[in-house]
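Fold and geometry: a report
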Amino acid sequence: MSSEPSSERPLRLAEPVFGEGAVAALKEVLASGRLTQGPNVARFERLIAAYCGAAHGVATTSATTALELSLMALGIGPGDEVLVPDFTYPATANAALRLGASVRLVDVEPGSWCVDPEALAAAAGPATAALVSVDVFGLPADYEAIEPLAAKLGLPLVCDAACSLGGAQGDRRCGVFGAASCFSFHPRKSLTTGEGGMVTTEDQALAERMRLLRNHGGEADGWKARFVEAGANFRMSELQAALGALQVEGFEAVVESRRRFAAELSAGLSALDGITPQLEPEGRRHPYQSYVAILDDDRDRDGLVEFLRGQGVESTLGTYALHAEPAFMRACGTEPGNLPNSWRACRQTIALPAHQRLELTDAERIVAAVREGLSRGSR
C-alpha cells in the first residue's frame, strides 16, 4: 500500500496544550530555588485527587513508578504472583517483575480490550497476591465486576489508570477504584507535565507509606532524616507540578472536546467496511486519551499505518500483547497466540489522531484517508 506524500499540515497523534501562564509559572519555580517536592507538588496532588474524588494524591516521576510504588507499598515482592492484563504497555507488568514478583498474564474482552473479569477470576491461585487492571486507551475497566472479585478473593486491586484521567464508570471517576490508581502525565496524555505520574487512593495509611517509599524510605527527624525502609527516588519536580496544576481547572472541557472529536471519528469510521471503533460499554465514560479502532482480520493494519503516515496522518498500533513479546515470553513462559483476544487486538488495532487541537474538519480528513487506505489495501 503506497501513496503520494500529502502537502496538508500533518495531524499528530498528540499535541500538548499548556495554555497561558505556563512560562510564568516555570519562571516562578526557577526563581524560588525550590525545584523538587515543594508546594507546587503538594498543590498538584490536591488538585488531581479532588478532580478524581479521591482522598489522597501521591505524585511520582511516571505512571510506571506509580505502579511500582503502589505494589511496593502493598508489600508485593519475591514469591508473590500478580495478575496483569495482557493487552497493555510493558510498564504494567514490569512494575511487578522489578519487585521480584512473578506475573500471570490474563486475556482481555473483545471490543473493549479491557481485562476480562471472568479470565481474571479463573487465573487467580494460591500464589496470587494482587490484581492489576488497565483502563485501555482511557476506557475504564469493568470495575463493577472487578472490585467485588478483588474483595471476594481478599486481594488488593491496583488500577493502571495511565490513560483514564477524566474517565468514569457510573458516577465514580477513575482514580477512586481499587486500593490505588496510577495516572500518567506523559506527552501523549490529555494532561501532561512532560513526564510524571500520580497515585490516588482512599487509604490514608497506604498514601503515607507511598510518600515514605518514594523518598528513599526517609522520614523527618528534626533537621535530619531517618531512613526506616529501603525506598526509591520517585519524586516529581516542582517544574512538572507547576505545569500540571495549570491544566486541572480546565481539564473537564478538554475531556469533552476529545469526546466530541471521537464521536465524529466514530460516526465516520462506522460507515466504512473493515474497521470498528473501540467499544464504549454503557455506563462507562471514555475520555479518549487515545482513539483506537480495530481492522477486520483480512485487512492489513501495518500497511494502513504506512499509508496514513504518507498522507500526513500519524498513526500507530494500539498497544502490545505482552505474552508475545520476548521479555514476557521468557518471564511468563508464553508463546504468541496463547491469549487470543489480546493477540488479535495487538495485530489489528490502529491508533488515530484525537486531541483538543484538532477541528471536526480534521476528523473528516482522517476518515477520508482511512477510507482511501482501506480501498487500496489487500484482503
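Residues numbered from 1 in each chain as written. Predicted model: local features only at pLDDT ≥ 70, side-chain atom pairs only at ≥ 80, totals over all residues. Heavy atoms only, no water.

A few points about the environment of leucine 13
Relative to the helices and strands, leucine 13 is located in the segment before helix H1 (22–32). In contact with leucine 13, not counting residues within four places along its chain, are Arg188, Glu314, Ser315, Thr316, Ala351, Leu352, Pro353, Ala354 and His355. (Helix = DSSP H or I, 4+ residues; strand = E, 2+ residues; numbered from the N terminus. Contact = heavy atoms within 4.5 Å.)

Regarding the side chain of threonine 201
With respect to the element layout, threonine 201 can be found in strand S9 (residues 197–201). Given a relative accessible area of 2%, threonine 201 falls into the buried group. At a separation of 2.7 Å, a polar atom in the side chain of threonine 201 contacts the main-chain carbonyl oxygen of alanine 179. Looking at threonine 201, its side chain comes within polar contact range of the main-chain nitrogen of aspartate 203, at 3.1 Å. In contact with threonine 201, other than residues within four places in its own chain, are Ala54, Ala55, His56, Ala179, Ala180, Leu206, Ala207 and Met210. (Buried < 20%, exposed > 50% of the residue type's maximum accessible area, 1.4 Å probe, protein only. Polar contact = N/O pair within 3.5 Å; in protein donor to acceptor, adjacent residues only side chain to side chain.)

Describing the pairing of strand S10 (residues 218–221)
Inspection of the sheet shows S10 paired to strand S11 (residues 224–227) by four bridges, in the antiparallel sense. Residue pairing in the sheet places aspartate 221 in a bridge with lysine 224 of S11. Connecting the antiparallel pair S10 and S11 is a turn made up of two residues, with glycine 222 showing a positive phi of about 70 degrees. (Pairing = 2+ DSSP bridges.)

Looking at the sheet that holds S9
Ordered in space as S1-S9-S8-S5-S4-S2-S3, the seven strands form an open sheet in which the pairing is mixed. In this open sheet, the two edge strands, each paired with only one partner strand, are strand S1 (56–60) and strand S3 (102–106). If you compare each strand with its neighbour and ignore which way they point, the axes differ by 20 degrees on average. Sheet analysis places strand S4 (residues 128–134) next to strand S5 (residues 157–160), joined by four bridges and oriented parallel. Across the sheet, leucine 131 pairs through a bridge with leucine 157, a residue of S5. Along the sheet, helix H6 (residues 143–153) contacts S4 and S5; its crossing angle with S5, the most-contacted strand, is approximately 150 degrees. (Axes fitted to C-alpha atoms, helices over the stretch in contact; angles between N-to-C directions.)

Comments concerning the sheet that holds strand S14 (residues 291–295)
Spatial strand order, S12-S14-S16-S15: four strands in an open sheet with antiparallel pairing. Of all strands in the sheet, those bounded by a partner on one side alone are strand S12 (275–277) and strand S15 (316–317). In this sheet, strand S16 (residues 349–352) lies alongside S15 in antiparallel orientation, the contact comprising two bridges. Residue pairing in the sheet places leucine 317 in a bridge with isoleucine 350 of S16. In the packing of helix H10 (residues 301–310) onto the sheet, the strands contacted are S14, S15 and S16, and the crossing angle to S16 comes to about 15 degrees.

Focus on the nonpolar core
One finds Leu71, Ile76, Val82, Val84, Leu105, Val199 and Met210 to be the most contacted residues of the largest nonpolar core, which totals 33 residues. For this core, the leading source of residues is helix H3 (residues 63–73), giving six residues. (Core = buried A, V, L, I, M, F, W, Y, C linked by side-chain atoms within 4.5 Å.)

Details of the packing of aromatic side chains
For any pair of aromatic rings, the description rests on two quantities: the centre-to-centre distance and the angle between the ring planes. Counted by the stated rule, this structure contains eight aromatic pairs. Each ring, one from tyrosine 89 and one from tyrosine 320, has its centre 6.2 Å from the other, and the planes form 65 degrees; the classification is edge-to-face. Of this pair, tyrosine 89 sits in the loop between strand S2 (81–85) and helix H4 (91–97) while tyrosine 320 sits in the loop between S15 and helix H11 (326–332), and the two are 231 residues apart along the sequence. When its relative accessible area of 54% is taken as the criterion, tyrosine 89 is described as exposed. Residue classification places tyrosine 320 among the partly exposed residues on the basis of a relative accessible area of 30%. Ring pairs connect the aromatic residues Phe87, Trp113 and Phe137, which therefore count as one cluster. Residue placement shows arginine 173 over the ring face of tyrosine 51; its charged tip is 4.0 Å from the ring centre. Stacked on the ring of tryptophan 223, the Lys or Arg lysine 224 has its end atom at 5.8 Å from the ring centre. (Phe/Tyr/Trp six-rings, centres within 6.5 Å; stacked < 30°, edge-to-face > 60°. Lys NZ or Arg CZ within 6 Å of the ring centre and 35° of its normal.)

Things to note about the packing of helix H2 (residues 39–52) against helix H8 (residues 238–248)
Where H2 meets H8, the closest approach of the two axes is 8 Å, and the angle between their N-to-C directions is 35 degrees. Note on packing geometry: the crossing formed by H2 with H8 is left-handed. Where H2 abuts H8, its residues Pro39, Asn40, Val41, Arg43, Phe44, Leu47, Ile48 and Tyr51 lie against Glu238, Ala241, Ala242, Gly244, Ala245 and Val248. For the contact of H2 with H8, a count of residues per class yields ten nonpolar, two polar and two charged. (Left-handed = near helix turned anticlockwise from the far one by under 90°. Nonpolar A, V, L, I, M, F, W, Y, C, P; charged D, E, K, R; others polar.)

Things to note about unusual backbone geometry
Even without being glycine, tryptophan 113 reaches a positive phi, approximately 65 degrees. With respect to the helices and strands, the residue tryptophan 113 is situated in the loop between S3 and helix H5 (117–123). Judged by relative accessible area, tryptophan 113 falls into the buried class, the value being 3%. Despite not being glycine, tyrosine 288 has its phi angle at roughly 55 degrees, a positive value. Mapped onto the secondary structure, tyrosine 288 falls in the loop between strand S13 (284–285) and S14.

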